[in-house]
Amino acid sequence: MRASCAGRKVHILWRLRRGGIGLMACISLSLLSARGADAFVQINEPPIVTTIGSEIDDSVAEVLRRKDGRVSTLVKVNGQGPFPFIVDTGANRSSIGEALALALQLPTLEDRVVNGVTGAQLRKVVRAESLNAGTYTARGLQMPVIENVILGGSQGLLAASELKGQRIVLDFDRERYEVTKSRTGTIPIGALRLRARIRFGHLVETPCRISGIMARCIIDTGAEYTLLNLAMLDRLSRSGGTKVLAENVNVYGATDTVLTGTIVRLDSIQLGDLQFANSAALASDAHIFQVWGIAQTPAVLLGMNVLRACDFLAIDFPQRALYIKASR
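### Focus: the overall build of the chain
Okay, step 1: When you go through the chain residue by residue, the secondary structure sums to 4 helices and 26 strands.
Okay, step 2: A burial count over the chain gives 59% of its 328 residues as buried.
Okay, step 3: Considering only contacts within the chain whose residues lie at least 6 apart along the sequence, 72% involve residues at least 24 apart.
Okay, step 4: Within the structure as shown, the chain displays about 13000 Å² of accessible surface, and the carbon and sulfur contribution to it stands at 45%.

Structural data, given as structure tokens:
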């Protein structure tokens, strides 16, 4: 299924796998808590962007993907490559696919517990002497090893925690995804600038409204689709701001834990004055909400099925700024 957005096609990025939804885990090793977020910037005449069509079937719709929805940038590991790594703002530690780790003969360290969306699990960890992405170079990285099937054709995850002094640019309109220095590059005319809080040193949080209800919104470019916590689902159910499309759907992640969730259609998701209409989301008691300390307050992990409806998205970590533009 495709939906029109200002004359171009927006792909719906749900994926069915083994009777359920395949979920890209957001790796997070921090257990710090988070606070509230700043008020968002207001402009006139808000654009309304359609992310799924109103003709979607009440059951789970067949998924049409653009790759797997996530975006990759080129990364060198120990001077070799470049290799495509998924840009993952939900991760606080870069990870590497098992095939690439083996090919580069990276030294193995002690196994460590990694927290993903669905649960926690011991993972093999390897050491890379250097990792280069655009203008940024990190040294002495310890990276968990993950199965290649999770990466959807890429060979690793580039975590936001490695990019604290940088700007991530996701130009969907031009298919250009890169890491640059802060304040570098041109922000398109008409792009909104939203204030963001950086949680745990890497999570990009901004306030939003979902069907009129205030929520904490995590921008997660490593997630294929949008995830609600149960506190958000409860508020939406009581207000009538959502419609259930499917229940008891299996949720798979980077760990062996399998969750069940409910697929819903949201009337609207509003960031600043930018409104996404008729967005699909999965509501679940996901492990990652506990890790981030936001299980009890309405919260949404905004994934690529919504973000890819935009023309442009940039995150400037030193400025604590989120730039976003979508055609009307």
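The structure having been displayed, the exposition proceeds.
### Details of the pattern of salt bridges
Okay, step 1: If you walk through the whole model with that rule in mind, you get 10 salt bridges.
Okay, step 2: Residue Glu147 is joined to Arg123 by a salt bridge in which the shortest nitrogen-to-oxygen separation is 2.9 Å. Pair noted here: Glu147 is in the loop between strand S12 (136-146) and strand S13 (156-159) and Arg123 is in strand S10 (residues 120-123), with a separation of 24 residues, a long-range link.
Okay, step 3: Glu129 is the partner of Arg127 in a salt bridge, and the nearest nitrogen-oxygen pair spans 3.0 Å.
Okay, step 4: Judged by its relative accessible area of 29%, Arg127 is partly exposed.
Okay, step 5: Bridged by salt links that share partners, the residues Asp171, Arg174, Arg176 and Glu178 form one connected network.

### Description of the sheet that holds strand S25 (residues 312-316)
Okay, step 1: With antiparallel pairing, the 5 strands of this open sheet are ordered in space as S15-S14-S25-S26-S16. This sheet does not close on itself; its edge strands, each paired only once, are strand S15 (176-181) and strand S16 (192-195). Sheet twist, expressed as the mean angle between neighbouring strand axes with direction ignored, is 15°.
Okay, step 2: The sheet contact formed by strand S14 (residues 166-171) and S25 spans 4 bridges and is antiparallel. Bridge pairing links Leu170 to Leu313 in S25.

### A short note on the pairing of strand S6 (residues 72-77)
Okay, step 1: Covered by surrounding structure in S6 are Thr73, Val75 and Val77 only, the residues Ser72, Leu74 and Lys76 on the alternate face being uncovered.
Okay, step 2: As paired strands, S6 and strand S7 (residues 80-88) are joined by 5 bridges and run antiparallel to one another. Within S7, the residue paired with Ser72 across the bridge is Ile86.
Okay, step 3: Count of turn residues in the S6/S7 antiparallel hairpin: 2 residues, of which Asn78 carries a positive phi of about 55°.
Okay, step 4: Pairing analysis gives 3 bridges linking S6 to strand S11 (residues 125-133), with the strands arranged antiparallel.

### What about the environment of Glu129?
Okay, step 1: Positionally, Glu129 belongs in strand S11.
Okay, step 2: Judged by its relative accessible area of 44%, Glu129 falls in the partly exposed class.
Okay, step 3: Once the C-alpha coordinates of Glu129 and Leu141 are considered, the two residues, 12 residues apart in sequence, prove to be 6.4 Å apart.
Okay, step 4: Apart from the residues within four sequence positions on either side, Glu129 is in contact with Asn78, Ala138, Arg139 and Gly140.
Okay, step 5: Side-chain polar atoms of Glu129 contact the side chain of Arg127, separated by 3.0 Å.

Cut-off values and rules
Residues numbered from 1 in each chain as written. Predicted model: local features only at pLDDT ≥ 70, side-chain atom pairs only at ≥ 80, totals over all residues. Heavy atoms only, no water. Helix = DSSP H or I, 4+ residues; strand = E, 2+ residues; numbered from the N terminus. Buried < 20%, exposed > 50% of the residue type's maximum accessible area, 1.4 Å probe, protein only. Contact = heavy atoms within 4.5 Å. Areas by Shrake-Rupley, 256 points an atom, 1.4 Å probe, with all protein chains shown as cover. Salt bridge = Lys/Arg side-chain N within 4 Å of Asp/Glu carboxyl O. Pairing = 2+ DSSP bridges. Axes fitted to C-alpha atoms, helices over the stretch in contact; angles between N-to-C directions. Polar contact = N/O pair within 3.5 Å; in protein donor to acceptor, adjacent residues only side chain to side chain.

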